[in-house]
Amino acid sequence: MTDAVYDARTAALATDLAPTGTLRASINLGNPVLAQGTPAAPTGITVDLAREIGARLGLPVELLCFDAARKSYEAMATGRADLCFLAVDPAREAEVAFTAPYVLIEGVYVVPRDSTLRTPADVDAPGVRVGVKAGSAYDLHLGRTLAHATVVRGEEGVDTFAEQGLEAGAGIRQPMTAYAAAHPTEVRLIDERFMEIRQAVGTTLDRSPETVAFLRATVEELKANGFVSDALARAGQDPELLAPPA
């Protein structure tokens, strides 16, 4: 491929993905595995991925930071963002073209210390109320899959669990483990996961097939060459969260 052809292809991808001339990336600071810091100075794997994709397309990058996945998703759905970093979910796939996952994390429950609930299956029972962060991947999953338990939505699942005295709280393993460790006489973790959360890069469905293919290929390359593992390590996260090849 000649430089001229390559430059024309890159320019077409950049124009399609970032029609304003700036790659606007939606960053969810509500997931501490994926992003850390403040809206003014975010860090983490999603920030690194956004900047790398922008660099490959010769685009400046604007980081739009939110405190919840649902807000990050809404920015994509309403055209305020060009790129998102969200968990793959059927409800989101109605609006978002996803890559394969670059990171795999887990959803787990915390319960009161003296609870009789021991496994995720135990949680799905009549009379059990589960606190979740509204619009999160685990909210979408549990709302679809729980047959008997009731989902109770709030700004933070573990806060809703504690404040309302619920039977269980759902969340991402890393912060839930930290919460349980900080409240050892009050709660305990159910160690078995209730779901695997597949974190991926996404854009809107109206982007060209070539643009979506570029994002998918880029994510696979960055998984294979150590970029994702290195970014996780720099952020103080476990490099073993790296997703396998697509």
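Since we're looking at a predicted model, the values are computed, not measured.

Procedures and definitions
- Residues numbered from 1 in each chain as written.
- Predicted model: local features only at pLDDT ≥ 70, side-chain atom pairs only at ≥ 80, totals over all residues.
- Heavy atoms only, no water.
- Helix = DSSP H or I, 4+ residues; strand = E, 2+ residues; numbered from the N terminus.
- Rg over C-alpha atoms; globule rule 2.2 N^0.38 Å.
- Buried < 20%, exposed > 50% of the residue type's maximum accessible area, 1.4 Å probe, protein only.
- Contact = heavy atoms within 4.5 Å.
- Lys, Arg positive; Asp, Glu negative; His and termini not counted.
- Charge placed at Lys NZ, Arg CZ, Asp CG, Glu CD.
- Salt bridge = Lys/Arg side-chain N within 4 Å of Asp/Glu carboxyl O.
- Core = buried A, V, L, I, M, F, W, Y, C linked by side-chain atoms within 4.5 Å.
- Phe/Tyr/Trp six-rings, centres within 6.5 Å; stacked < 30°, edge-to-face > 60°.
- Arc of directions from axis to C-beta.
- Expected span 1.5 Å × (residues − 1).
- Axes fitted to C-alpha atoms, helices over the stretch in contact; angles between N-to-C directions.
- Parallel < 35°, antiparallel > 145°, perpendicular 65-115°, else oblique.
- Left-handed = near helix turned anticlockwise from the far one by under 90°.
- Nonpolar A, V, L, I, M, F, W, Y, C, P; charged D, E, K, R; others polar.

Draft legend 1. A look at the overall build of the protein chain. Across its full length, the protein chain carries 10 helices and 11 strands. Here the C-alpha atoms of the protein chain give a radius of gyration of 19 Å, agreeing with the 18 Å that 2.2 N^0.38 yields for 246 residues. Taking the principal axes of its C-alpha atoms as reference, the protein chain extends roughly 65 × 35 × 30 Å. By residue count, 54% of the 246 residues in the protein chain fall in the buried class. Put simply, of all contacts in the protein chain between residues at least 6 apart along the chain, 70% involve residues at least 24 apart. Of note, the protein chain has its 22 positive side-chain charges centred 2 Å away from the centre of its 33 negative side-chain charges.

Draft legend 2. Examining the pattern of salt bridges more closely. Counted according to the given criterion, the structure contains 17 salt bridges. Between Asp48 and Arg234 there is a salt bridge whose closest N-O contact spans 2.8 Å. Placement of the pair is Asp48 in helix 2 (residues 45–57) and Arg234 in helix 10 (residues 227–234), with a sequence separation of 186 residues. Of the charged contacts in the structure, one is a salt bridge between Arg207 and Asp206, with a shortest N-O distance of 3.8 Å.

Draft legend 3. Main features of the nonpolar core. Ranked by internal contacts, the top residues of the largest apolar core, which has 55 residues, are Tyr102, Tyr109 and Val130. Among the elements that take part in this core, helix 2 stands out by supplying six residues, more than any other. Counting 13 residues, the second-largest nonpolar core is a separate cluster that includes Leu86, Val88, Phe98 and Ala200.

Draft legend 4. Structural detail: the packing of aromatic side chains. Applying the stated rule across the entire model yields one aromatic pair. Summarising the aromatic geometry, the rings of Tyr109 and Phe194 are spaced 4.4 Å apart at their centres and angled 25° between planes, so their arrangement reads as stacked. Placement of the pair is Tyr109 in strand 7 (residues 103–112) and Phe194 in strand 11 (residues 187–204), with a sequence separation of 85 residues. Judged by its relative accessible area of 13%, Phe194 is buried.

Draft legend 5. The environment of Ala200, seen in detail. Structurally, Ala200 is set in strand 11. Since its relative accessible area comes to 0%, Ala200 is described here as buried. With 116 residues separating them along the chain, Ala200 and Cys84 place their C-alpha atoms 8.3 Å apart. Those residues in contact with Ala200, other than ones at most four positions away along the chain, are Cys84, Phe85, Leu86, Val88, Phe98, Thr99, Ala100, Pro101 and Tyr102.

Draft legend 6. Just helix 8 (residues 173–182), in detail. Listed as buried for helix 8 are Arg173, Met176, Tyr179 and Ala180. The arc enclosing the buried residues of helix 8, seen along the axis, measures out at 130°, which places them on a common side. Among the exposed residues of helix 8, those pointing more than 90 degrees away from its buried face are Ala181 and Ala182. Elements in contact with the buried residues of helix 8: strand 7, helix 7 (157–164), strand 10 (168–172) and strand 11.

Draft legend 7. How the structure looks around the side chain of Thr99. Relative to the assigned elements, Thr99 resides in the loop between strand 6 (96–98) and strand 7. Sequence-distant contacts of Thr99, that is, excluding residues within four places in its chain, are made with Val88, Ala200, Val201, Leu215, Arg216 and Val219.

Draft legend 8. Helix 9 (residues 209–224), seen in detail. Taking 1.5 Å of rise per residue, the 16 residues of helix 9 would be expected to cover 22 Å, and the 23 Å separating its terminal C-alpha atoms lies within 8% of that figure. The complete set of buried residues in helix 9 reads Thr211, Val212, Phe214, Leu215, Thr218, Val219, Leu222 and Lys223. Seen from one end, helix 9 has its buried residues packed into an arc of 165°, which puts them on one side. Helix 9 presents Pro209 and Ala224 as exposed residues on the side facing more than 90 degrees away from its buried surface. Among the residues trailing helix 9, Gly226 stands out with phi positive, at a value near 95°.

Draft legend 9. Quick peek at the packing of helix 2 against helix 9. For the pair helix 2 and helix 9, the least separation of the axes is 12 Å and the interaxial angle reads 120°. One element, helix 2, and the other, helix 9, form an angle in the oblique class. For the crossing formed where helix 2 meets helix 9, the hand is right-handed. When helix 2 is examined against helix 9, the residues Leu49, Glu52, Ile53, Arg56 and Leu57 are found in contact with a partner set consisting of Phe214, Leu215, Thr218, Glu221 and Leu222. Split by residue class, the contact of helix 2 with helix 9 holds six nonpolar, one polar and three charged.

Shape descriptors only; they carry no functional weight alone.
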